[in-house]
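Geometric and topological summary
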There are 2 protein chains.
Amino acid sequence: MPHAPSATLSRRHAAIRHALVSRGLDALLVTSLPNVMYLTNFAGSAAAIMIGRDRLAFVTDFRYVTAIETARGTAFECPGLELVVVDHSYDETIASVIGSSQGARVGFEAAHLTVSRHRWLEAKLGAGRSMPALVASEGIVESARIRKDDYEIAMLREAARRLSAVASGVFGEIARGRRERDVALAIDWRIRDAGFERSAFDTIVASGPNAALPHARPGERTLTESDLVVLDFGGVYDSYCVDLTRTVSLGTAGPRARAIYAAVREAHDRAIEAVAPGRSRFDIDAAARDTLGRHGLAEAFGHGTGHGLGIEVHEQPRISRRRGDDAGPGDDDAVAAGMVFTIEPGAYLPGWGGVRIEDDVLVTETGVEVLTDVATELIEL
Amino acid sequence: MPHAPSATLSRRHAAIRHALVSRGLDALLVTSLPNVMYLTNFAGSAAAIMIGRDRLAFVTDFRYVTAIETARGTAFECPGLELVVVDHSYDETIASVIGSSQGARVGFEAAHLTVSRHRWLEAKLGAGRSMPALVASEGIVESARIRKDDYEIAMLREAARRLSAVASGVFGEIARGRRERDVALAIDWRIRDAGFERSAFDTIVASGPNAALPHARPGERTLTESDLVVLDFGGVYDSYCVDLTRTVSLGTAGPRARAIYAAVREAHDRAIEAVAPGRSRFDIDAAARDTLGRHGLAEAFGHGTGHGLGIEVHEQPRISRRRGDDAGPGDDDAVAAGMVFTIEPGAYLPGWGGVRIEDDVLVTETGVEVLTDVATELIEL
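Notes on the structure in this doc start here. (Residues numbered from 1 in each chain as written. Chains lettered and ligands numbered in written order. Predicted model: local features only at pLDDT ≥ 70, side-chain atom pairs only at ≥ 80, totals over all residues. Heavy atoms only, no water.)

**Comments concerning the overall build of chain A**
Heads up, the rule is: Only DSSP runs of H or I reaching four residues or more are called helices, and only runs of E reaching two or more are called strands; each is numbered from the N terminus. All radius of gyration figures rest on C-alpha atoms, and the globule criterion is 2.2 Å times the number of residues raised to 0.38. Type-normalised accessible area, obtained with a 1.4 Å probe on protein chains alone, sets the label of each residue: buried when under 20%, exposed when over 50%, and partly exposed for intermediate values. Note on definitions: a residue-residue contact is assigned when non-hydrogen atoms from the two residues lie within 4.5 Å. Each accessible area is a Shrake-Rupley estimate made with a 1.4 Å probe; only the visible protein chains count as cover when residues are assessed.
A tally of regular secondary structure across chain A gives 10 helices and 18 strands. Radius of gyration (C-alpha) of chain A: 23 Å, near the 21 Å computed for a compact globule of 381 residues. C-alpha atoms of chain A, sized along the principal axes, occupy 75 × 45 × 40 Å. Looking at chain A as a whole, 57% of its 381 residues qualify as buried. Partitioning the contacts of chain A with sequence separation of at least 6, the portion at a separation of at least 24 is 70%. Per element, the accessible surface of chain A, about 14700 Å² overall, is 51% carbon and sulfur.

Shown next, in the form of structure tokens:
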């Protein structure tokens, strides 16, 4: 479980309460588990909270009561937590917690609550008099999470340091004749052995032509002389996610491989140079994309340049192309100090293979800090 | 990815189309990824389908185009799959696929679509003339998935055979002085080494007092003489999940440990004996629960007796207590041939420890087949 200090949790609660006031809400029902974790340090598989202006009701089932009670009185206990143990079903219990706020306007997380659960809650609450109004809201907790606080930055720095240490061992796992899936297993072992709770996603070991699939699954293919091998792996360290990709060559890389690798590396460097507080996330993406375009690889780069990291391995901000239907330039597009995200341009050529290079960066008050620390020169093994 | 034969996929499509007709729907938008996998063999991280009476539109993004094209012409290609590659965003593309069905009644999965996405789709579709109606539906694909077909039963048998083989190696990992987390890592390695894609959930190694937490996370505690240790682990084999728990004793178990173990084992055996087609899932739960109650352990067993297994590690049917608000006895409660679920009674005593014994069973035409095969006698190591 995360161990954010109680004072940090209090500041997070205050930020949410401030957002409630500005939206005219009396409380927010939080059903997204990553959001629940952010506000309470809870790391179990089922819970919900209702945070009001002077209340934090925490709903969970009997499996987690001991864990909650154990945190009481520690330096990372959740301030003001009022434990409500599920009776019968989560939704019944949530409805009764909401129902106790007669006449209130209670926000719910429209991006996380399903239509079924919403309709059930509406019907259940509608049966009472002076029912609280359920109001759709979006991104209240996510807006707080997008800029990491000191606790989170310390966690992400440590996680990135450990993942970088894993990387050097990973290169030693690459050998001709070894199956992709065996290399992936060895990487996952190294991640856990380095103190991570688990891999942050299914590790990618994509060799030769398989490297043309950005989300290849490691399979039976054996690593072969002159392959490029994309190695994309991440870890969850005390609930915080980091993510790293390197592409290595088995034997001396040919001219095409070298050229494509150099283009992707240049795109990676240009994008990192473009990171600074106030810069548009679209401009950071364009720094990578335009570089690849200049090398004739615009079509080969089909995904975004990066994604936020934190409690989730894919969160805000998205470092991506501006869409036609996005709003124009504005505060929403700007990255800000405290944001942590990946920079991971790639080039994928069906039938041939691919290259991706990925690091994790923190936006600082003055520019950028690269949290991962692994050389980006092409390694020939 | 799963490799259900094309003929099997066709039968699944026919079952869904039959359900559409009976509900007066022209098509169903499937956004649940496990449901998408069931109908198409697709194992990626993002896709949606719209299955109509004579159409199966498959929406995914560029990352998975190669994988889809590679399956064409194979024995497990998805019949009738019409590939629609995402342009801009998933929801834009889904809206345009739905929008092409003028005047139709299109079901959506209310238990899987968020309020945000639903509202966005409603607004988008509402902008056109002769808009298709979005109709909330529940459980259409899940109702098909609850009874496994021959392909799935073969996969689950093989997965359970492999997990049982893993178990005997797991017992060899238990040693005094070893940390829970190191044992968990070793178990996860064995699961992968046995051919599983990954662990089906975070492996539980709960020793001594930690065993009183049904969902304990393996931590720094070292295994100690006279501990009971709950080992709960599962694997995903070609997309199908199996799940196994054994509780072992470090050294000779004391009288209390023996008595509780014997009670849980008896509950496990009685529940398995209660499994047969037509039996109520509540009665199967009661067979375990009443047994524990007779041994004074009713309060110590706070969770359900079992859960369905398949593409998800927790799916229908739930082998649990009847709730006050459940309907009375009826077809819905009865288990049927082809269902696969766990039987996992336990007893948890805060401050002392706990015991859980779990196997995976298949309901057959005549009774029950236990898929996992590991002795249930208390092992003293």
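**Examining the nonpolar core**
The tendency in soluble globular proteins is for nonpolar side chains to be buried side by side. Here is the rule: By nonpolar core is meant a set of buried Ala, Val, Leu, Ile, Met, Phe, Trp, Tyr and Cys residues that side-chain atoms within 4.5 Å join together.
Of all hydrophobic cores here, the largest spans 66 residues; its most connected members are Ile-16, Phe-58, Leu-231 and Phe-233 of chain A. Counting residues per element, this core draws most heavily on helix 7 (residues 150–171) of chain A, at 11 residues. Residues Ile-16, Ile-140, Ala-144 and Phe-233 of chain B belong to the second largest nonpolar core, which totals 65 residues.

**A short note on the interface of chain A and chain B**
Interface size is often expressed as the accessible area that is lost when the parts come together. We apply this condition: Here the quantity called buried area is the accessible surface, traced with a 1.4 Å probe, that two parts lose on coming together, added over both. Any carboxyl oxygen of Asp or Glu within 4 Å of a side-chain nitrogen of Lys or Arg constitutes a salt bridge here. Polar contact criterion, stated in full: a pair of N or O atoms within 3.5 Å, where within protein one must be able to donate a hydrogen and the other to accept it, and residues adjacent in sequence count only if both atoms are side-chain atoms.
Between chain A and chain B, the residue contacts involve 42 residues of the former and 42 residues of the latter. Approximately 3500 Å² of surface area, both sides summed, lies buried where chain A meets chain B, with 52% of it carried by carbon and sulfur atoms. The three residues of chain A that bury the most area against chain B are Leu-185, Trp-189 and Arg-192 of chain A, which together make up 17% of that side's buried surface. Across the chain A-chain B interface, the total number found is 6 salt bridges. For Arg-192 of chain A, the salt bridge identified is with Asp-188 of chain B, shortest N-O distance 2.6 Å. Connecting chain A to chain B are 18 residue pairs in polar contact (both at pLDDT 80 or more). Only helix 5 (115–126) and helix 8 (180–193) of chain A provide two or more residues apiece to the side of chain A that touches chain B. Ranked by the residues each element gives to the side of chain A that touches chain B, the list is headed by helix 8 of chain A, at 8 residues.

**Digging into the sheet that holds strand 2 (residues 48–52) of chain B**
Residues and elements named next belong to chain B. The line we're drawing: Strand pairing is assigned whenever DSSP identifies at least 2 bridges connecting the two strands. What counts as an axis is a line fitted to C-alpha atoms, over the stretch in contact for a helix, and the angles between N-to-C directions run from 0 to 180 degrees.
The 6 strands lie next to each other as 4-3-2-1-5-6, forming an open sheet whose pairing is mixed. The sheet terminates laterally at strand 4 (81–85) and strand 6 (133–137), the two strands that pair on one side only. Between one strand axis and the next, the sheet turns by 25° as a mean value, whatever way the strands run. Where strand 2 meets strand 3 (residues 55–60), 5 bridges bridge the pair, whose relative direction is antiparallel. Considered in strand 3, the bridge of Ile-49 is made with Phe-58. Along the sheet, helix 2 (residues 33–40) makes contact with strand 1 (27–30), strand 2, strand 3 and strand 5 (105–109), crossing strand 2 at roughly 55°. In the packing of helix 4 (residues 90–99) onto the sheet, contacts are made with strand 1, strand 2, strand 3, strand 4, strand 5 and strand 6, and the angle to strand 3 comes to roughly 165°.

All quantities given are derived from atomic positions and should not be read as evidence of function.
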